[in-house]
Amino acid sequence: MTLAVRYMTARTLETAPVEFSEPGPGEVLLAPSYVGICGTDLHIFHGDMDARVAAPAVLGHEMSGRVVRVGAGVEGWRPGDAVTVMPLRWDGTCSACLSGHQHICQRLDFIGIDSPGSMQQRWVVPASTLIRLPDSLALDRAALVEPTAVAVHDVGRADVRAGERVVVVGGGPVGILIALVARAAGAEVRVVELSAHRRLL
Ligand SMILES: [Zn+2]
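First, a word on what this report is: a plain description of the structure on this page.

Topic: the sheet that holds strand β1 (residues 2-9)
Strands belonging to one sheet form pairs held by backbone hydrogen bonds; the direction of such a pair is parallel or antiparallel.
1) Next: The strand order across the open sheet built from three strands is β2-β1-β4, with neighbouring strands paired in antiparallel fashion. The strands lining the two open edges of the sheet, one partner per strand, are β2 (12-18) and β4 (57-58).
2) Next: Two strands pair when backbone bridges link them, and β1 and β2 are joined in this way by seven bridges, in the antiparallel orientation. Looking across to β2, one finds that Val5 is bridged to Thr15.

Below is the structure:
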(Lines give C-alpha, C1' and ligand atoms only; values in the text may rest on other atoms or scores of the structure.)
Protein backbone atom coordinates (compact mmCIF):
# COMPACT_ATOMS: atom_id res chain seq x y z
CA MET A 1 0.00 0.00 0.00
CA THR A 2 0.99 3.58 -0.45
CA LEU A 3 -0.47 6.86 0.78
CA ALA A 4 -2.33 9.03 -1.73
CA VAL A 5 -4.11 12.37 -1.61
CA ARG A 6 -7.50 11.84 -3.23
CA TYR A 7 -10.18 14.23 -4.43
CA MET A 8 -13.49 12.89 -3.09
CA THR A 9 -16.08 15.59 -3.76
CA ALA A 10 -16.17 19.39 -3.91
CA ARG A 11 -13.76 20.90 -1.36
CA THR A 12 -12.87 17.50 0.07
CA LEU A 13 -9.48 15.85 -0.18
CA GLU A 14 -8.51 12.84 1.89
CA THR A 15 -5.24 11.05 2.53
CA ALA A 16 -5.77 7.32 2.26
CA PRO A 17 -3.78 4.14 1.71
CA VAL A 18 -4.23 2.83 -1.83
CA GLU A 19 -2.95 -0.19 -3.69
CA PHE A 20 -0.04 0.32 -6.01
CA SER A 21 0.92 -2.09 -8.73
CA GLU A 22 4.37 -3.08 -9.89
CA PRO A 23 5.44 -1.47 -13.17
CA GLY A 24 4.32 -3.49 -16.18
CA PRO A 25 6.16 -3.73 -19.50
CA GLY A 26 7.22 -0.27 -20.61
CA GLU A 27 6.29 1.25 -17.26
CA VAL A 28 8.27 2.77 -14.40
CA LEU A 29 7.52 2.99 -10.69
CA LEU A 30 8.33 6.46 -9.31
CA ALA A 31 8.62 7.96 -5.84
CA PRO A 32 7.30 11.53 -6.25
CA SER A 33 9.32 14.05 -4.22
CA TYR A 34 7.45 17.31 -4.81
CA VAL A 35 4.10 18.07 -6.45
CA GLY A 36 2.91 21.48 -7.60
CA ILE A 37 -0.72 22.58 -7.34
CA CYS A 38 -1.96 23.84 -10.70
CA GLY A 39 -4.92 26.19 -11.24
CA THR A 40 -6.61 23.19 -12.84
CA ASP A 41 -6.15 21.24 -9.59
CA LEU A 42 -7.93 24.07 -7.76
CA HIS A 43 -10.81 23.93 -10.26
CA ILE A 44 -11.06 20.20 -9.58
CA PHE A 45 -10.91 20.79 -5.80
CA HIS A 46 -13.75 23.31 -6.06
CA GLY A 47 -15.89 20.72 -7.85
CA ASP A 48 -15.91 22.59 -11.16
CA MET A 49 -14.63 19.61 -13.16
CA ASP A 50 -16.79 16.83 -11.71
CA ALA A 51 -18.15 16.06 -15.20
CA ARG A 52 -14.63 15.01 -16.25
CA VAL A 53 -12.92 13.83 -13.07
CA ALA A 54 -14.01 10.47 -11.65
CA ALA A 55 -13.75 10.59 -7.84
CA PRO A 56 -11.92 9.35 -5.91
CA ALA A 57 -9.14 10.82 -8.02
CA VAL A 58 -5.43 11.14 -7.25
CA LEU A 59 -4.44 14.57 -8.59
CA GLY A 60 -1.01 16.00 -9.43
CA HIS A 61 0.69 16.61 -12.78
CA GLU A 62 3.49 19.05 -11.82
CA MET A 63 6.06 16.90 -10.10
CA SER A 64 9.60 15.78 -9.54
CA GLY A 65 10.78 12.50 -8.14
CA ARG A 66 13.00 9.47 -8.53
CA VAL A 67 12.78 6.15 -10.31
CA VAL A 68 12.21 3.24 -7.91
CA ARG A 69 11.87 0.30 -10.32
CA VAL A 70 11.54 -0.21 -14.04
CA GLY A 71 9.29 -2.69 -15.81
CA ALA A 72 10.23 -5.22 -18.47
CA GLY A 73 11.71 -3.78 -21.62
CA VAL A 74 12.46 -0.35 -20.17
CA GLU A 75 15.92 0.83 -21.13
CA GLY A 76 17.87 3.93 -20.19
CA TRP A 77 16.40 4.40 -16.72
CA ARG A 78 17.73 3.19 -13.41
CA PRO A 79 16.56 3.36 -9.79
CA GLY A 80 17.50 6.73 -8.29
CA ASP A 81 17.31 8.69 -11.55
CA ALA A 82 15.74 12.13 -11.00
CA VAL A 83 12.80 12.73 -13.32
CA THR A 84 9.72 14.72 -14.11
CA VAL A 85 6.76 13.48 -16.14
CA MET A 86 5.27 14.93 -19.30
CA PRO A 87 1.65 14.38 -18.26
CA LEU A 88 -0.02 13.90 -21.65
CA ARG A 89 -0.78 10.64 -23.45
CA TRP A 90 -2.40 10.67 -26.87
CA ASP A 91 -3.60 7.88 -29.14
CA GLY A 92 -1.73 8.99 -32.24
CA THR A 93 -4.58 7.87 -34.51
CA CYS A 94 -7.43 10.39 -34.21
CA SER A 95 -7.90 13.31 -36.63
CA ALA A 96 -6.41 15.79 -34.12
CA CYS A 97 -3.28 13.67 -33.64
CA LEU A 98 -2.91 13.03 -37.37
CA SER A 99 -2.92 16.77 -38.04
CA GLY A 100 -0.16 17.31 -35.48
CA HIS A 101 -2.28 18.51 -32.56
CA GLN A 102 -1.64 15.70 -30.08
CA HIS A 103 -2.32 18.00 -27.12
CA ILE A 104 -6.03 18.10 -28.11
CA CYS A 105 -6.25 14.39 -28.96
CA GLN A 106 -9.88 13.25 -28.97
CA ARG A 107 -8.91 10.52 -26.51
CA LEU A 108 -6.38 12.54 -24.54
CA ASP A 109 -5.25 11.16 -21.17
CA PHE A 110 -4.12 14.12 -19.11
CA ILE A 111 -2.30 12.26 -16.36
CA GLY A 112 -3.32 13.61 -12.96
CA ILE A 113 -6.78 14.59 -14.27
CA ASP A 114 -8.05 11.73 -16.41
CA SER A 115 -5.84 9.07 -14.76
CA PRO A 116 -4.08 8.86 -11.38
CA GLY A 117 -1.55 11.62 -10.71
CA SER A 118 1.51 12.19 -8.58
CA MET A 119 0.03 13.07 -5.18
CA GLN A 120 0.99 9.63 -3.89
CA GLN A 121 4.11 8.01 -2.50
CA ARG A 122 4.42 5.51 -5.34
CA TRP A 123 3.24 6.16 -8.90
CA VAL A 124 3.38 4.02 -12.04
CA VAL A 125 3.74 5.87 -15.35
CA PRO A 126 4.74 4.90 -18.90
CA ALA A 127 8.51 5.23 -19.35
CA SER A 128 7.77 7.27 -22.49
CA THR A 129 6.52 10.15 -20.31
CA LEU A 130 9.78 10.54 -18.34
CA ILE A 131 12.02 13.59 -18.68
CA ARG A 132 15.48 13.34 -17.12
CA LEU A 133 16.38 16.09 -14.63
CA PRO A 134 19.92 17.44 -14.35
CA ASP A 135 21.71 16.98 -11.02
CA SER A 136 22.10 20.76 -10.83
CA LEU A 137 18.34 21.27 -10.50
CA ALA A 138 16.93 20.89 -6.97
CA LEU A 139 13.86 18.67 -6.88
CA ASP A 140 11.61 21.29 -5.26
CA ARG A 141 12.26 23.63 -8.18
CA ALA A 142 12.04 20.78 -10.67
CA ALA A 143 8.37 20.32 -9.76
CA LEU A 144 7.83 23.55 -11.73
CA VAL A 145 9.22 22.17 -15.00
CA GLU A 146 5.74 21.52 -16.44
CA PRO A 147 4.33 25.06 -15.94
CA THR A 148 7.73 26.46 -16.96
CA ALA A 149 7.41 24.50 -20.22
CA VAL A 150 4.14 26.40 -20.80
CA ALA A 151 6.04 29.67 -20.34
CA VAL A 152 8.88 28.57 -22.65
CA HIS A 153 6.28 27.69 -25.29
CA ASP A 154 4.57 31.09 -24.95
CA VAL A 155 7.82 33.07 -25.10
CA GLY A 156 8.87 31.00 -28.10
CA ARG A 157 5.60 31.73 -29.91
CA ALA A 158 6.11 35.44 -29.25
CA ASP A 159 9.59 35.12 -30.78
CA VAL A 160 11.09 37.26 -28.00
CA ARG A 161 14.59 38.54 -28.84
CA ALA A 162 17.33 39.93 -26.60
CA GLY A 163 16.92 43.64 -25.97
CA GLU A 164 13.21 43.72 -26.73
CA ARG A 165 10.68 45.09 -24.26
CA VAL A 166 8.05 42.67 -23.01
CA VAL A 167 4.90 43.42 -21.01
CA VAL A 168 3.28 40.49 -19.20
CA VAL A 169 -0.36 41.15 -18.30
CA GLY A 170 -1.10 39.25 -15.09
CA GLY A 171 1.37 38.27 -12.39
CA GLY A 172 -0.02 34.89 -11.41
CA PRO A 173 2.23 31.83 -11.36
CA VAL A 174 2.26 31.39 -15.14
CA GLY A 175 2.66 35.14 -15.74
CA ILE A 176 5.67 35.21 -13.42
CA LEU A 177 7.19 32.20 -15.18
CA ILE A 178 6.66 33.87 -18.56
CA ALA A 179 8.36 37.01 -17.22
CA LEU A 180 11.33 34.96 -15.97
CA VAL A 181 11.68 33.07 -19.26
CA ALA A 182 11.42 36.30 -21.29
CA ARG A 183 14.07 37.85 -19.07
CA ALA A 184 16.29 34.82 -19.57
CA ALA A 185 15.84 35.37 -23.31
CA GLY A 186 17.36 38.82 -22.83
CA ALA A 187 14.19 40.92 -22.84
CA GLU A 188 13.45 43.89 -20.60
CA VAL A 189 10.31 42.77 -18.78
CA ARG A 190 7.49 44.57 -17.00
CA VAL A 191 4.59 42.78 -15.31
CA VAL A 192 1.17 44.43 -15.01
CA GLU A 193 -0.79 43.11 -12.02
CA LEU A 194 -3.97 44.64 -10.57
CA SER A 195 -3.97 42.63 -7.34
CA ALA A 196 -2.10 44.48 -4.58
CA HIS A 197 -1.58 41.15 -2.82
CA ARG A 198 0.11 39.63 -5.86
CA ARG A 199 2.22 42.75 -6.43
CA LEU A 200 3.70 42.27 -2.96
CA LEU A 201 4.79 38.68 -3.65
ZN1 LIG B 1 -5.51 11.41 -30.88
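Moving on, there is more to tell.
Regarding the coordination of the zinc ion
1) Next: Looking at the zinc ion, one finds its protein donor set to be Asp91 (OD), Cys94 (SG), Cys97 (SG) and Cys105 (SG), positioned 2.0 to 2.3 Å from the metal centre.
2) Next: Here the zinc ion is ringed by four donor atoms whose angles at the metal span 96 to 121°, and the overall shape comes out tetrahedral.
3) Next: One chain supplies every donor to the zinc ion, and in sequence these donors are spaced D-x2-C-x2-C-x7-C. Of this pair, Asp91 sits in the loop between β7 (88-89) and α2 (95-98) while Cys105 is found in the loop between α2 and β8 (109-110), placing the two residues 14 residues apart along the sequence.
4) Next: The class of Cys105 is buried, set by a relative accessible area of 6%.

As for the environment of Leu200
1) Next: Mapped onto the elements of the fold, Leu200 is located in helix α6 (residues 196-200).
2) Next: What makes Leu200 exposed here is its relative accessible area of 77%.

Cut-offs used in this document
Residues numbered from 1 in each chain as written. Predicted model: local features only at pLDDT ≥ 70, side-chain atom pairs only at ≥ 80, totals over all residues. Heavy atoms only, no water. Pairing = 2+ DSSP bridges. Helix = DSSP H or I, 4+ residues; strand = E, 2+ residues; numbered from the N terminus. Donors = N, O, S within 2.8 Å, 3.2 Å for Na, K, Ca; no water. Tetrahedral: all angles 85-135°; square planar, octahedral: opposite > 155°, others 65-115°. Buried < 20%, exposed > 50% of the residue type's maximum accessible area, 1.4 Å probe, protein only.

Nothing here speaks to function; it is geometry throughout.
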